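Analysis of the macromolecular model
Read off the chains here:
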Amino acid sequence: MPVLSIRTGALYVPWRDPREATRLLRYALHRHGFTHTYQSNGNGMSVLSVLIDLTVWCRNGLFVWNEKGRGACHPADDPAGAARLISRHHRGPISGGTPFGERNAPRGHVSPLTGSRRE
């Protein structure tokens with residue numbers, strides 16, 4: 001089994017399987033209220049659609065997304081930290097933080113089968 005050598009003092013970002021890292025990011029984003037997400041995996045990377053204007057890629061050990069036309073990134077081994085950053089920038093008063101453009105959608109949902117209401 002080959003052993004990787006790391007220079008002392010060199011920046012080291014542990015690499016995580018992009019599918020697993022993105023799955024953990026989805027769970028962390030769900031805790032911040034982003035509940036309508038879609039994940040797709042392939043070719044050594046994973047993509048997470050969060051909002052109409054927000055897609056997060058996971059590749060080469062990093063989460064990568066755009067914020068106001070500029071690239072942003074965060075280590076894939078810290079999905080909770082990436083979720084905090086994303087939440088901070090995409091939940092402000094300007095964006096409203098409503099997933100997939102549902103700005104005028106009602107807050108609750110009534111099940112047609114049971115008549116029960118979910119918020």
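Residues numbered from 1 in each chain as written. Predicted model: local features only at pLDDT ≥ 70, side-chain atom pairs only at ≥ 80, totals over all residues. Heavy atoms only, no water.

1. Some remarks on the overall build of the chain
- Of the regular secondary structure elements, the chain holds two helices and seven strands.
- Secondary structure elements of the chain, listed N to C terminal, follow the sequence α-β-β-β-β-β-α-β-β.
- Across the 119 residues of the chain, 29% fall into the buried class.
- Taking contacts inside the chain between residues at least 6 apart in sequence as the whole, the part at least 24 apart equals 38%. (Helix = DSSP H or I, 4+ residues; strand = E, 2+ residues; numbered from the N terminus. Buried < 20%, exposed > 50% of the residue type's maximum accessible area, 1.4 Å probe, protein only. Contact = heavy atoms within 4.5 Å.)

2. What to know about the confidence of the model for the chain
- Here the chain shows a mean pLDDT of 76. Residues at 70 or above account for 63%.
- Highest mean pLDDT in the chain belongs to strand S3 (residues 54-59) (95); lowest belongs to strand S6 (residues 109-110) (49).
- Contacts of residues 1-6 to residues separated by more than four positions or lying in other chains number one contact, the stretch itself having pLDDT below 50.
- Confidence drops under pLDDT 50 across residues 92-107; counting only partners more than four residues distant or on other chains, this segment forms 23 contacts. (pLDDT = per-residue confidence, 0-100.)

3. Looking at the sheet that holds strand S4 (residues 62-67)
- Strand order in the open sheet formed by five strands is S1-S2-S3-S4-S5, and the pairing between neighbours is antiparallel. In this open sheet, the two strands that pair with only one neighbour each are strand S1 (38-42) and strand S5 (70-75). Strand-to-strand twist in this sheet, taken as the mean axis angle between neighbours without regard to direction, amounts to 20°.
- Across five bridges, strand S2 (residues 45-51) lies against S3 in antiparallel orientation. Its bridge partner being in S3, Ser-49 is matched across the sheet by Thr-55.
- Set on the sheet, helix H1 (residues 18-31) makes contact with S1, S2, S3 and S4; between it and S2 the angle comes to about 20°.
- Here helix H2 (residues 79-90) sits on the sheet and contacts S2, S3, S4 and S5; the angle it forms with S4, its principal contact strand, is near 5°. (Pairing = 2+ DSSP bridges. Axes fitted to C-alpha atoms, helices over the stretch in contact; angles between N-to-C directions.)

4. Describing the environment of Cys-73
- The topology assignment puts Cys-73 in strand S5.
- Residue class for Cys-73 comes out partly exposed when judged on its relative accessible area of 48%.
- Linking Cys-73 and Phe-63, residues 10 residues apart in sequence, is a C-alpha distance of 5.3 Å.

5. A short note on the packing of H1 against H2
- The N-to-C vectors of H1 and H2 enclose an angle of 50°; their axes lie 8 Å apart at closest approach. Put simply, H1 runs oblique to H2. Viewed along their axes, H1 and H2 form a crossing whose handedness is right-handed. Here Ala-21, Leu-24, Leu-25, Ala-28 and Leu-29 of H1 lie close against H2, whose contacting residues are Pro-79, Ala-80, Ala-82, Ala-83 and Ile-86. (Parallel < 35°, antiparallel > 145°, perpendicular 65-115°, else oblique. Left-handed = near helix turned anticlockwise from the far one by under 90°.)

6. A short note on H2
- Compared with an ideal rise of 1.5 Å per residue, which puts 12 residues at 16 Å, H2 spans 16 Å between its outermost C-alpha atoms and is within 8% of the ideal.
- When H2 is considered as a whole, its buried residues turn out to be Pro-79, Gly-81, Ala-82, Ala-83, Ile-86, Ser-87 and His-90.
- Its buried side turned inward, H2 meets H1, S2, S3, S4 and S5. (Expected span 1.5 Å × (residues − 1).)

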